[in-house]
Amino acid sequence: MTERRVLVALKTAWWTLATVGWILLAPSARADDRPVVPDRDTVLQAQKLLQIAPSHPLSKLDRGTPIERDDRPMDVTLYEISMRVSDVVDSLWGDVTIHLTALAPLERIDLDLYDEGILVEEVDLDGNAAEFTHFDETLSIQPPSALTPGDSATVEVRYRGRPVPSGFLGFRLGRFSRGTFEGLPVVETLSEPKSARSWWPCHDTPYDAAPFSIHVTTPQDMMVVVPGSDRSHIEEEIRPDGLKTTHVEMPAPIPAYLFSLAISDYDFWSQTARVTDEESGEKVDMPVEYYVAKPLVEDSIDWLGDSQFAWSMTPDIIEYFDQVYGPYPFARQRYGMAMFSWDGGAMEHATCTSMGQGFVNSAISGLTGGPLWEFIVAHELSHQWFGDCVRVARWGEIWLNEGFASYSESVWYEHRYGEEVVHTYRLNHFRRFIDDFTHSLVDPPPNDIFGLVSYKKGAMVLHMLRMVYEERFPGQGLEMLLKAMREYVTDPALRFQPVESSDFQRHAEEVYGESLDWFFQPWLYRAGVCHLQTRWNQQDRWLSLRMEQDAADHYRLPLPVRIYFADGDSTDSWAWTDDPVSLVSIEVDREVVGLTVDPGQDFLVYTDTRPASPTPGGVFLQAGYPNPYLPDGGAIYRVPAFAERDSRLEARVYDVAGRRVTTLIVSTVGPGPVDLHWDGRDERGKKVSSGLYLLRIRTEGMEATQRVVLVR
């Protein structure tokens, strides 16, 4: 017997045991002839029978999440999903039709579907019974002949099962609770990043997205919440068997992981937000819907009242994000929030976030005085733009979802509560995790794609980009950052399409006016943060800074510098770190008594700033000026220095190829000021051409390089 036959035999044996209960629960498999959901006694009998089946310790939690793109050459164009669920057993009956197009020759059609807990009964291809295999995570369908590029196919899969736990959640029948109080049941799902395959057949990759037609059958007292239309456009059909089928259309394309179920006996309330209709450009009223659990014990908990306190600001956030990020992507559907029992947080399912029960309370923030979980509402809502509209092409780019949503928390707080509040918020929620930023932002370790780096460092990288804009456009840093974010998410070529970091960088550069490779490359693709040592001293009207980083791991940054004067006043300036050792001169008109680099802690930089002490060579070096300079206009490039004792000093000019152009000084200098200068000529006295040159300065105990831009 082959290895595969052994595995198939083992699987068959398990199903022989497991389906004893299913004989009671689902004697028919066809979507048009579904059995009614059994009564509670029948279900309990089935559950007792099912307990003889072996448990499944392998729940997919230990399988790494791929961060590379799924390049299966097919494009799903429509999902038609029919499901039936119960409020008394964690099982489902499914009939999923997938319309797809081949992008390259396809000898077989591979769909994602776990074989643990799921039994595929029939598969049709273009209306005819098809041969298929179902093993591990793959349902393979064999067409009569290979599909050629452009060919369309329709696959219908009929299945049933008890989905096993997967990833953060997958599919489950849960219960709302608070403390020791047990509440009503809820059918709930959370499929990010690759758990859609644990409960329905699909192309489970963020790269592929499609519209949905959804039909869910439940007991009559359960309210169905899925992505798509608002309640006024939902059709509820009472069936002859006493069950109810809810029909919902989701016309916007979304990937499989953003499709969800939140089904319970909900209380419902709604508001209205004024948003921009993308097609007409006009403002329209859009429903904002809320689905809140009903307590089973009277007067035990006021979830409805708590939700009205915790969530009532949602239309204001929608309208503000619609203003700064561009049209709300699902203006013709709705936005909503539905409670589910997961205690791990919330999930930005398209058009309706699933909100963990722990975020539905009347707790007040000590920072803002508003609802404690207001930032969670802003975070998940912003995903409707960043993640649900423009979506990552692969999980290795997850910071484009989570970093943007995290920074949106502070964007909202700054708008609502002001700069002082958001400064404290940013330090406490983002920057304080600086010690945990131990891997790259793009392509993090597969087991840490939803770690602090993706969320917190991602948010700080956007904030640092804001400060880069601030240096270039004084007073407009936030405005320029929001412009870059808006142009990225509203780009017609990217809207409802898979994106990568290069797509955002391109728009960021268009706003900046030149390449930002020097910013994005280290912060996205390098682990860790910047470590900067700054030493300063004053000579007359010049304040000199020597800013030193690790030569093998240095960053180019414009850093804010706050200068404190003896009279108690202070002023702010900027200092660029361009090289492992950068020498910066700032003109001052008073005695300087102190200096702080990055006073607002706006950058991911460890700073060590103090007054300078003499180098081993006894010389303080300062930044040259002016730079760039015009030698023909009478300016002379000067490098001021100060020697505390007799010291040997060498200064030479090189071109970018490393060839020496001229020597400025090789000599022992005495105590006092030293002024080095270059007149723009080589060693033969010939004028050199415009361009970039390197000035290398060496003393007995140190060496530094400055870049010199010569313009004629």
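We now turn to the structure provided with this report. The structure presented is a predicted model; accordingly, all values stated were derived computationally and were not measured. Each chain carries its own residue numbering, running from 1 in the written order of its sequence. With the structure being a predicted model, the display of local features is reserved for residues of pLDDT at least 70 and the display and counting of side-chain atom pairs for 80 or more, all residues being used for whole-chain, interface and lining totals. Each side-chain value is derived from all of the structure's non-hydrogen atoms; neither hydrogens nor water enter the calculation.

Quick notes on the overall build of the protein chain
Going by this rule: Per the convention used, a helix needs a DSSP run of H or I reaching at least four residues, while a strand needs a run of E reaching at least two, with both numbered from the N terminus. Relative accessible area decides the class of each residue, using a 1.4 Å probe on protein chains only: under 20% of the type maximum gives buried, over 50% gives exposed, and in between gives partly exposed. Here, residues are in contact when the closest pair of their heavy atoms is within 4.5 Å.
If you tally the helices and strands in the protein chain, you get 11 helices and 36 strands. The buried share among the 712 residues of the protein chain stands at 57%. Across the protein chain, every contact between residues at least 6 apart in sequence was considered, and the portion connecting residues at least 24 apart equals 70%.

Here's the deal with a nonpolar patch on the surface
As a reminder, the rule being used: Residues qualify for a patch when their relative accessible area is over 30% and they have no salt bridge, like charges being joined within 9 Å and the nonpolar side chains of Val, Leu, Ile, Met, Phe, Trp and Tyr within 5 Å. Residue burial considers only the protein chains on display, and all accessible areas are found by Shrake-Rupley using a 1.4 Å probe. We define a salt bridge as a contact between a side-chain nitrogen of Lys or Arg and a carboxyl oxygen of Asp or Glu at a distance within 4 Å.
Together, V656, L692, V709 and V711 make up a nonpolar patch on the protein surface, roughly 290 Å² of accessible area in all. Relative to the helices and strands, V656 is located in the loop between β32 (647-655) and β33 (660-669).

Remarks on the environment of E414
Our working rule: Whenever two N or O atoms come within 3.5 Å, that pair is a polar contact, provided that in protein one can donate a hydrogen and the other can accept it, and provided that, for residues adjacent in sequence, both atoms are side-chain atoms.
Position of E414 relative to the elements: it lies in helix α6 (residues 399-417). Given a relative accessible area of 14%, E414 falls into the buried group. In sequence terms E414 and Y425 are 11 residues apart; their C-alpha atoms lie 9.5 Å from each other. When residues no more than four places from it in sequence are discounted, the contact partners of E414 are E419, V422, R466 and L478. In terms of polar contacts, E414 uses its side chain to reach the side chain of R466, at 2.9 Å.

Digging into helix α3 (residues 303-311)
In plain terms, the rule: Starting at the helix axis, one direction is taken to each C-beta atom, and the arc is that of these directions.
Burial in α3 covers these residues: W303, D306, S307, A310 and W311. End-on view of α3: buried residues confined to an arc of 105°, all on one side of the axis.

Let's talk about the sheet that holds β32
Note the cut-off: By definition, two strands form a pair when at least two bridges between them are found by DSSP. Each axis is a line fitted through C-alpha atoms, taken for helices only over the stretch in contact, and angles between the N-to-C directions span 0 to 180 degrees.
Sheet architecture is open: four strands sit in the order β33-β32-β35-β36, paired in antiparallel fashion. Strands with a single pairing partner mark the edges of an open sheet, and in this sheet they are β33 and β36 (703-710). Going across the sheet, the axis of each strand differs from the next one's by a mean of 15°, ignoring polarity.

What to know about unusual backbone geometry
Backbone torsion omega between E192 and P193 reads 0°, so that peptide bond is classified as cis. Secondary-structure assignment places P193 in the loop between β10 (181-190) and β11 (210-218). Positive phi is not limited to glycine here, since T351 has a value of about 70°. Relative accessible area serves as the criterion here: at 0%, T351 is assigned to the buried category. Here the phi dihedral of D540 falls at roughly 55°; this positive angle occurs in a residue that is not glycine. Within the secondary structure, D540 is located in the loop between β23 (530-539) and β24 (542-548).

Some thoughts on the pattern of salt bridges
Scanning the model with the defined rule gives 49 salt bridges in all. R426 serves as the salt-bridge partner of D602, at 2.9 Å between the closest nitrogen and oxygen. Separated by 176 residues along the polypeptide, D602 in the loop between β28 (592-597) and β29 (605-611) and R426 in helix α7 (residues 419-429) bring together distant segments of the chain. Through salt bridges that share partners, R72, D112, E137, K194, R197 and D204 make up one connected network.

Let's talk about the nonpolar core
Here is the rule: To form a nonpolar core, buried Ala, Val, Leu, Ile, Met, Phe, Trp, Tyr and Cys residues must be joined to one another through side-chain atoms within 4.5 Å.
The biggest cluster of nonpolar side chains holds 180 residues, and the ones touching the most others in it are W200, W311, F321, Y469 and F504. For this core, the element with the highest residue contribution is helix α8 (residues 452-472), accounting for 10 residues. Not counting residues within four places of it along the chain, the set of residues in contact with Y469 comprises G477, M480, L481, A484, A508, V511, Y512 and L516. Membership of the second largest hydrophobic core comes to 17 residues, among which are V639, V669, I697 and V708.

Quick look at the environment of G528
Note on placement: G528 falls in the loop between α11 (517-525) and β23. Along the sequence, G528 and T438 sit 90 residues apart, while their C-alpha atoms lie 5.1 Å from each other. Contact partners of G528, with chain neighbours within four places excluded, come to F437, T438, K457, W523 and Y555.

So, the pairing of strand β3 (residues 109-112)
Side-chain alternation along β3 places I109 and L111 on one buried face and D110 and D112 on a second face that is also buried. For β3 and strand β7 (residues 138-142), the ladder comprises four bridges, and the chain directions are antiparallel. Along β7, the bridge assignment pairs D110 with S140.

Focus on the sheet that holds strand β26 (residues 570-577)
Strand order in the open sheet made by the three strands is β26-β25-β28, with antiparallel pairing throughout. Single-partner strands in this sheet number two, and they are β26 and β28. The sheet shows a mean angle of 30° between the axes of neighbouring strands, direction not considered. Both strand β25 (residues 557-565) and β26 contribute to a ladder of eight bridges, which runs antiparallel. Opposite Y564, over in β26, you have S570 as the bridge partner. In the packing of α8 onto the sheet, the strands contacted are β25 and β26, and the crossing angle to β26 comes to about 110°.

With respect to empty space enclosed by the protein
Note the cut-off: In the cavity and pocket records, a cavity denotes points on a 1 Å grid over the protein atoms alone where a 1.4 Å probe fits but cannot get out, a pocket denotes an open set with protein on both sides within 12 Å along at least 5 of 7 lines, and lining residues are residues with an atom within 4 Å of a point. Grid points are joined across faces, edges and corners, and a volume is the space filled by probe spheres set on the points. Under the scheme applied, nonpolar residues are Ala, Val, Leu, Ile, Met, Phe, Trp, Tyr, Cys and Pro; charged residues are Asp, Glu, Lys and Arg; polar residues are all the others, including Gly.
A full pass over the atoms with the stated rule returns two cavities of 30 Å³ or more. The space that makes up the largest cavity amounts to roughly 50 Å³. In terms of lining residues, the largest cavity is bounded by V225, V226, P227, S260, A262, A338, H349, A350, C352, T353 and S354. Broken down by class, the residue content of the lining of the largest cavity amounts to seven nonpolar, four polar and no charged. Within this model, the second largest cavity holds a volume of roughly 30 Å³. Contributing to the lining of the second largest cavity are Y407, S410, V411, E414, V422, R426, H463, R466 and L478. Looking at the lining of the second largest cavity, the elements with two or more residues in it are α6, α7 and α8. If you tally residues by element for the lining of the second largest cavity, the top one is α6, at four residues. Here the lining of the second largest cavity is composed, by residue class, of four nonpolar, two polar and three charged.

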